[in-house]
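# Chain and residue survey
For reference, the chains in residue letters:
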Amino acid sequence: MPLTPDHGYPMLVAISSAVAIQYAGFKVGAARRKYNVKYPTMYLPESDKNAMAFNCVQRGHQNLLENWNRFLILLTIASINYPRLAALGGLLRVIAMVVYCNEYGKGKPENRRKAAFGYIGMLLNLGLSIMTAGGLIMQSM
């Protein structure tokens, strides 16, 4: 299937996800300066008075990194046959990435749940990816 102009939408979403990941990284850098956390320290021990505040920012970024490849794979596969729907699901997930980063970064881990709506976009792209793969398999039968 050749690329169409509609395939530009999920491409822009993928690019925006890279910006969201970088934004989360900048927040970690700012927290490192604020709480004087030197490299290569990844997390502060619980005994440190700033542990919860810093660790939430760091963990938020780390979680986005841990899930980014899955997001990009599903976005890519889903966009083969359903570029606009894939872009919509991806955009929902990217918005949730920013919400997750901001809310978790407030030092209250339970705040991360405010970004749970992003799973709707992820599930949409999972379903579209399954439909794309299944459609290709069915063509060979």
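Note that the coordinates shown come from a computational prediction; the quantities given were computed from them, not determined experimentally.

## Quick notes on a nonpolar patch on the surface
- On the surface, a nonpolar cluster with roughly 420 Å² of combined accessible area is contributed by Tyr 119, Leu 123, Leu 126 and Ile 130.
- Its location among the elements puts Tyr 119 in helix α4 (residues 118-139).

## Observations concerning the environment of Glu 110
- Tracing the sequence through the fold places Glu 110 in the loop between α3 (83-104) and α4.
- Take Glu 110: its relative accessible area is 43%, and that puts it in the partly exposed class.
- Along the primary structure Glu 110 and Val 57 are separated by 53 residues, whereas in three dimensions their C-alpha atoms are 13 Å apart.

## A look at the layout of surface pockets
- Here the largest pocket is characterised by a volume of approximately 200 Å³.
- If you trace the largest pocket, you find 13 residues lining it, with Asn 63, Arg 93, Tyr 100, Arg 112 and Tyr 119 closest to the centre.
- Contributing elements (two or more residues each) for the lining of the largest pocket: α2 (51-81) and α3.
- Residue composition of the lining of the largest pocket, grouped by class: 8 nonpolar, 2 polar and 3 charged.
- One number sums up the size of the second largest pocket: a volume of about 160 Å³.
- What lines the second largest pocket is simply Lys 27, Ala 30, Ala 31, Lys 34, Tyr 35, Ala 53, Val 57, Asn 102, Gly 105 and Lys 106.
- When contributions to the lining of the second largest pocket are tallied by element, the ones reaching two or more residues are α1 (8-35) and α2.

Rules used throughout
Residues numbered from 1 in each chain as written. Predicted model: local features only at pLDDT ≥ 70, side-chain atom pairs only at ≥ 80, totals over all residues. Heavy atoms only, no water. Patch = residues over 30% accessible without salt bridge, like charges linked within 9 Å, V, L, I, M, F, W, Y side chains within 5 Å. Areas by Shrake-Rupley, 256 points an atom, 1.4 Å probe, with all protein chains shown as cover. Salt bridge = Lys/Arg side-chain N within 4 Å of Asp/Glu carboxyl O. Helix = DSSP H or I, 4+ residues; strand = E, 2+ residues; numbered from the N terminus. Buried < 20%, exposed > 50% of the residue type's maximum accessible area, 1.4 Å probe, protein only. 1 Å grid on protein atoms, 1.4 Å probe; cavity = no way out; pocket = protein on both sides within 12 Å on 5 of 7 lines; lining within 4 Å. Points joined across faces, edges and corners; volume = space filled by probe spheres on them. Nonpolar A, V, L, I, M, F, W, Y, C, P; charged D, E, K, R; others polar.

Honestly, it's all geometry; don't read function into it.
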